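Inside the fold
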2 protein chains.
Amino acid sequence: MMITRGKLSEQSGCNAETIRYYERIGLLPDPPRSESGYRMYDEEHVSRLRFIQRARELGFSAERVRDLLNLSDSPKQHTRAEVKELTEAHIEEISEKIRDLQKLKKRLDAISSHCDGAMESAADCPILVSLFAKQ
Amino acid sequence: MMITRGKLSEQSGCNAETIRYYERIGLLPDPPRSESGYRMYDEEHVSRLRFIQRARELGFSAERVRDLLNLSDSPKQHTRAEVKELTEAHIEEISEKIRDLQKLKKRLDAISSHCDGAMESAADCPILVSLFAKQ
DNA sequence: ATAAAGCCTGTAGTAAGTACAAGGTCAATA
DNA sequence: TATTGACCTTGTACTTACTACAGGCTTTAT
């Protein structure tokens, strides 16, 4: 049973334009077309799109999703080690982002704490002063 | 003493194209030009650029930097409360990002832990399986 | 029969820059 | 003086991961 793009969008919760986008960048294969040129998707497309959505939700970039799909497309040629490596690398990137944001928050907390937030002229606000200051 | 864009770039560590970009989006005012059309910057530009760089490093979006600059440009018309409010809102956004990434990492750790990372066929790798799985 | 809904393509917009091409200018050297 | 190289100018395109729209065809429902 084949469905149109609108149905696939509805079923998957994925924006219809996004489906077209995934085709353009090669994550989804070009589907066969009806006589009038409408895209017709089957179960394969549905499950591949689900994979893509799942991986994107987990923060994998489109490029990494492509890599994961490649592993999945020829599983006999690849090892679980490869899959785990991609995953662990991604986890490490996220950990690093967390650390960076925590550092940032510390700096911001420190800067913010110097300002009393009073309803008085912003002229000598320590936050603005610290942004302008030399060194 | 006026300096050219290259000098400002060198002095500030800000990419020369980025300076032009900040002018285009209105964070830096259009500088006066030399007879031949070269941009000529003074101390005001230097310190304003420093402000922008500082704020960007702290993760403020260009739009928020614009807001901070507006407060700073007419400090008598504004209160420290406004500056602090912008700052605290930004801190809260960052805190939320941290929480989101921590949730993400938890999910990824859980998924990854199911895979032994063996040098065997990726065919039934639990990571790939979980990405494909219905519900 | 006609109108609405859905599909098609191509294109442009988002954030925050970065990079490059084609050409003008300036300073130093041969 | 001529020329080379470094610098500057503008406009434009590229990046990520979509999203949105215009103009036009097709299908479905009334």
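Just above sits the structure.
Overview of the structure. (Residues numbered from 1 in each chain as written. Chains lettered and ligands numbered in written order. Predicted model: local features only at pLDDT ≥ 70, side-chain atom pairs only at ≥ 80, totals over all residues. Heavy atoms only, no water.)

Here we come to the environment of A:Leu104. Residues and elements named next belong to chain A. If you trace the backbone, Leu104 turns up in helix α5 (residues 80-113). Looking at Leu104, the relative accessible area reads 13%, which means it is buried. Expressed as a C-alpha distance, the spacing of Leu104 and Arg5, which sit 99 residues apart in the sequence, is 43 Å. (Helix = DSSP H or I, 4+ residues; strand = E, 2+ residues; numbered from the N terminus. Buried < 20%, exposed > 50% of the residue type's maximum accessible area, 1.4 Å probe, protein only.)

In this section: the pattern of salt bridges. All names here are of chain A. Using the criterion set out here, one finds 22 salt bridges over all chains in the structure. Between Arg64 and Asp67 there is a salt bridge; the shortest N-O distance is 2.1 Å. Here Arg64 pairs with Asp67, and both are found in helix α4 (residues 62-73), just three residues apart, close to one helical turn. A relative accessible area of 34% places Arg64 in the partly exposed class. (Salt bridge = Lys/Arg side-chain N within 4 Å of Asp/Glu carboxyl O.)

Taken together, the neighbourhood of DNA strand D is formed by 19 residues, with A:Thr18, A:Arg56, B:Thr4, B:Arg20 and B:Arg39 sitting nearest. Within 4 Å of the protein, the atoms of DNA strand D are drawn from sugar and phosphate moieties in a proportion of 66%. A distance of 2.4 Å is found between a phosphate oxygen of DNA strand D and a side-chain nitrogen or oxygen belonging to A:Thr18. B:Arg20 is positioned with one of its side-chain polar atoms (N or O) 2.3 Å from a base oxygen of DNA strand D. Those elements that place two or more of their residues in the surface near DNA strand D are α2 (16-24) of chain A together with α1 (5-12) of chain B. Counting residues per element, the surface near DNA strand D draws most heavily on α2(A), at five residues. For the surface near DNA strand D, the class distribution of residues is five nonpolar, seven polar and seven charged. (Near = heavy atom within 4 Å. Polar contact = N/O pair within 3.5 Å; in protein donor to acceptor, adjacent residues only side chain to side chain. Nonpolar A, V, L, I, M, F, W, Y, C, P; charged D, E, K, R; others polar.)

Moving on, we come to α4(A). Its twelve residues place the ends of α4(A) 16 Å apart at the C-alpha level, agreeing with the 16 Å of an ideal helix rising 1.5 Å per residue. Within α4(A), burial applies to A:Val65, A:Leu68, A:Leu69, A:Leu71 and A:Ser72. Each buried residue of α4(A) sits inside an arc of 160° when the element is viewed along its axis, so together they form one side. Among the structural elements, α3 (43-57) and α5 of chain A together with α6 (126-132) of chain B are those in contact with the buried residues of α4(A). (Expected span 1.5 Å × (residues − 1). Arc of directions from axis to C-beta. Contact = heavy atoms within 4.5 Å.)

In this section: the packing of aromatic side chains. Residues and elements named next belong to chain A. What the rule picks out here adds up to four aromatic pairs over all chains. Ring plane angle 45° and centroid distance 5.9 Å describe the contact between Tyr21 and Tyr22, whose orientation is recorded as tilted. Tyr21 sits in the partly exposed class, given a relative accessible area of 36%. Of the residues examined, Tyr22 reaches a relative accessible area of 9% and is grouped as buried. (Phe/Tyr/Trp six-rings, centres within 6.5 Å; stacked < 30°, edge-to-face > 60°.)

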